[in-house]
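Examining the three-dimensional arrangement
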Amino acid sequence: MLGFLKKPVVVTAEINMNLVTLTVMGLISRLWGLSYPRAVVFDEVYYGQFVSLYMKRIFFVDDSGPPFGHMLLALGGYLGGFDGNFLWNRIGAEYSMNVPVWSLRLLPALAGALCVPLAYQILVELQFSHCAALGAALLILLENSLITQSRFMLLESVLIFFILLAVLSYLKFYNLQRHSGDYFFVTGSVVFFCKVKYMGLFTYLLLLAIAGLHFWHMIGDQNLSNVSLMCHLLARGLALIIIPVAMYLSFFYVHLTLLYRSGPHDQIMTSAFQASLEGGLARITQGQPLEVAYGSQITLRNVLGKPMQCWLHSHTNTYPIRYENGRGSSHQQQVTCYPFKDVNNWWIVKDPGMQQLVVSNPPRPVRHGHIVQLVHGITTRYLNTHDVAAPLSPHSQEVSCYIDYNISMPAQNLWRVEIVNRESDTDVWKTILSEVRFVHVNTSAVLKLSGASLPEWGYRQLEVVGEKLSKGYHQSMVWNVEEHRYGKSQEQKEREVELHSPTQMDISKNLSFMAKFMELQWKILTLKNEDTEHKYSSSALDWITMDTNIAYWLHPTSGAQIHLLGNVVTWASANIAALVYTCLSLWYLIRRRRKIYDLPEDAWQLWVSAGEICVGGWAVNYLPFFLMEKTLFLYHYLPAVTFQILLIPIVLQHLSDHLCRSLLLKSMFSALIVAWFSSVYFVYCTFRPVTYGEPSLSVTELKDLRWKDSWNILIRKQ
């Protein structure tokens, strides 16, 4: 039985030295001097804030993409022992000794380095020669812009890495054509990872389209049975849809689990979300009664949260008798939405059929459809609306607290409670959890935040109006109870200081992960930062010809500086390659329509597949920027130009194989390629000082680098 031990155990392995060499070169180019400069470089001031918040477990919202990319950066900080204590407020600020600069920049640098061997493997999987694949890898290796972007705590290199990894995984699966689908599951996983930023979604859709096209061709294969086709379809659906969605949710779960503390960003979330976080609102709401009852003292927060979070508010001041435009008002007590916590935000829920303003024993809960009166806690006046135009929204009704002037304008202060997120028509109005509308019984108007700021007489607070129900539903019409206590004193002075909280209730247990995820996802997708013109912002048209650059860092005393600048020869060649590919493809298509086949069928399929990946990858990562209303920078073009660079050796090999028919032409073409590649290397070396930030250049040398007048090379005044 032990006879097998008489022979040595032999393990054989094939090592692609091209891959090994390219990987080592990529690591050297990206990791060399990674801690330099030891100062905040451009968008590190932005991403560093999120890393610090991760280290301190403080909740934040960022609209740039899913949390996976931020978690990778935070992982670098965690591995380096970063405690999160650094003030990210200025580009160029020197890092303190507690900031592990090398560790924070490590993962983006590794991702950028691994893009080099990935480029090689993608061209090999596309069935092009190892020489072409080597050329693609070297072009990525010597691309100045990719080097610069990958050497700092930024996410573009991570995005590009996972995009290329997803493409490679799919190509490997497609070439293997295995029924087991093992490689396809790798693809499904990686397709999600390309969503480090939401721009990766377009590459995901491209791969979905290519996979769908390939499956369409499989349907026409008579050698495959119906069962086999169904298995292929299910495998693709599972790998490309179900697994990515599951992983997407899982990273949000980790994100929300890690960030459990309240912080400055949670104010844009609903009260229920805020109450689920440790500290902040949770400290106020802990121990509140859950069910709103007649006699409850409440504050009402508008669910919309725009233009800022605010609470229903009133004060003793009245609307002016006449507005500046000559329109008259009711001269009733003002009702506004106030963006700060204040004693005048408190209201009492009153039963119209009773005079008492305290909670009975046992409490009588308010349910969906009940009629209530809302009494302002400090002034004891009733929330009211009537057929008088609002001050800034004349198409809507004015909302006020009623003052009896003994004129022919009786009070109209009955409101019907409608719970928007109810599960049944008998639901009880709940603290924080219930989202309600208040419908005026007399006029059917809905209590609404218009969002307009009142003039000085209204202290610049936000206007609240009565909007006709027939005009539709909007979050500005929805309110939720944030602070709540059961009123126990009928005396006004005692009521104002009531603090007793009779029951204990933990809101966080009532808010599920899916509820938190849906709210956070909606906020991420709808959150709009104020886009302002930046010194280095640019348009998408500027990127193709690289008419713009970005100064990332400038040494405080010397001429050393770092710029995001691409390799001019490579970018120009990429544009030419895309143009040549498009023209040749149109020519071939026209000729094939005339039954003239210039290429063998396998060569034609190879040419088309390369276009699907490279031209398609460029298009989906570039063209959407023309539809985006956001501040754009040159680094947004890097995923697109990466695909364009991969197209260069593909076009060169095609020209050599199919258009250079004689040995002399092939030799001359090869010589031209060597000369062209030498120019790529020359440009890389020329701009290397502003790619790595050293050595420091003189004023003359810096002026010599300004190859285009539109480039902003920083030159200190002498």
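Above: the structure in question.
It should be emphasised that the depicted structure is a prediction, and the values quoted were computed from it without experimental measurement.

What counts as what
Note that residues are indexed from 1 along each chain, following the sequence as it is written. Since the coordinates come from a predicted model, pLDDT governs what is reported: local features require at least 70, and pairs of side-chain atoms require 80 or more to be given and counted, while whole-chain, interface and lining totals use all residues. Side-chain descriptors were evaluated using all non-hydrogen atoms of the structure, hydrogens and water having been removed beforehand. Of the two site types, the cavity is a set of points on a 1 Å grid over the protein atoms alone where a 1.4 Å probe fits but cannot get out, and the pocket is an open set with protein on both sides within 12 Å along at least five of seven lines, each lined by residues with an atom within 4 Å of a point. Grid points are joined across faces, edges and corners, and a volume is the space filled by probe spheres set on the points. A helix here means a DSSP run of H or I that spans at least four residues, while a strand means a run of E at least two residues long, and both kinds are numbered starting from the N terminus. For this classification, the nonpolar set comprises Ala, Val, Leu, Ile, Met, Phe, Trp, Tyr, Cys and Pro, the charged set comprises Asp, Glu, Lys and Arg, and every other residue, Gly included, is treated as polar. Each pair of aromatic rings taken from Phe, Tyr and Trp, with Trp reduced to its six-membered ring, is defined by centres within 6.5 Å and is described as stacked if the planes are under 30 degrees apart, edge-to-face if over 60, and tilted in the remaining cases. Only protein chains enter the calculation, and the probe is 1.4 Å; a residue is then buried if its accessible area is under 20% of its type maximum, exposed if over 50%, and partly exposed in between. Two limits define a charge over a ring: the Lys NZ or Arg CZ must be within 6 Å of the ring centre, and within 35 degrees of the ring normal. The definition of a nonpolar core used throughout is a set of buried Ala, Val, Leu, Ile, Met, Phe, Trp, Tyr and Cys residues joined through side-chain atoms within 4.5 Å. In what follows, a contact means two residues having at least one pair of non-hydrogen atoms within 4.5 Å. Between any two strands, at least two bridges found by DSSP are needed for them to pair.

For the rest of this paragraph, the subject is empty space enclosed by the protein. According to the stated counting rule, one finds three cavities of 30 Å³ or more in the structure shown. Looking at the largest cavity, its volume works out to about 80 Å³. Residue lining of the largest cavity: Arg 30, Gly 112, Cys 115, Ile 140, Leu 146, Gln 149, Ser 150, Ser 157, Ile 160, Leu 164, Leu 638 and Thr 642, and that is the complete set. Breaking the lining of the largest cavity down by element, the ones donating at least two residues are helix 4 (101-125), helix 6 (144-150), helix 7 (156-176) and helix 18 (638-659). Residues belonging to the lining of the largest cavity are distributed by class as follows: six nonpolar, five polar and one charged. Around the second largest cavity sit Phe 60, Val 61, Asp 62, Gly 65, Pro 66, Pro 67, His 70, Phe 252, His 255, Leu 520 and Ile 524, which together line it. Those elements giving two or more residues to the lining of the second largest cavity turn out to be helix 10 (226-258) and helix 14 (513-526). Tallied by class, residues from the lining of the second largest cavity come to seven nonpolar, three polar and one charged.

Attention now moves to the packing of aromatic side chains. Within this structure, the stated rule accounts for 42 aromatic pairs. Seen in terms of ring centroids, Trp 88 and Tyr 95 are 5.6 Å apart; in terms of plane orientation they differ by 70°. Their pairing is edge-to-face. Tyr 95 carries the same exposure label as Trp 88, and that label is buried. When the ring of Tyr 622 is compared with that of Tyr 637, the centres are 5.1 Å apart and the planes differ by 70°; the resulting orientation is edge-to-face. Taken together, the residues span a long stretch of sequence, with Tyr 622 in helix 17 (residues 601-622) and Tyr 637 in the loop between helix 17 and helix 18 at a distance of 15 residues. For the pair shown, Tyr 622 and Tyr 637 are each scored as buried. In textbook terms, an aromatic cluster arises when at least three aromatic residues are bridged by ring pairs, as seen for Trp 543, Trp 571, Trp 618, Tyr 622, Phe 625, Phe 626 and Tyr 637. Against the face of Phe 273 rests Lys 516, its NZ or CZ located 5.4 Å from the ring centre.

All right, on to the nonpolar core then. If you look at the biggest cluster of nonpolar residues, it comprises 154 residues, and the most contacted ones within it are Phe 59, Ile 122, Ile 550 and Tyr 552. A total of 13 residues in this core trace back to one element, the largest contributor, which is helix 7. Excluding its chain neighbours within four sequence positions, the residues that come into contact with Phe 59 are Leu 256, Leu 259, Arg 261, Gly 263, His 265, Asp 266, Met 269, Phe 273, Leu 277 and Leu 520. Formed by 28 residues, the second largest nonpolar core is a distinct cluster that contains Tyr 294, Val 335, Ile 419 and Leu 447.

A few words now on the pairing of strand 5 (residues 371-376). Side-chain positions along a regular strand alternate between the two faces of the sheet. Burial analysis of strand 5 places five of its six residues in the buried class, the great majority of the element. Where strand 4 (residues 346-350) lies against strand 5, four bridges are found, and the strand directions are antiparallel. Its bridge partner being in strand 5, Ile 348 is matched across the sheet by Val 375. Where strand 5 and strand 8 (residues 415-419) come together, two bridges link them in antiparallel fashion. Of the residues in strand 8, the one forming a bridge with Ile 371 is Arg 416.

If you trace the backbone, Leu 118 turns up in helix 4. For Leu 118, a relative accessible area of 6% translates into the label buried. Leu 118 sits 43 residues away from Phe 161 along the chain, and the two C-alpha atoms are 8.1 Å apart.

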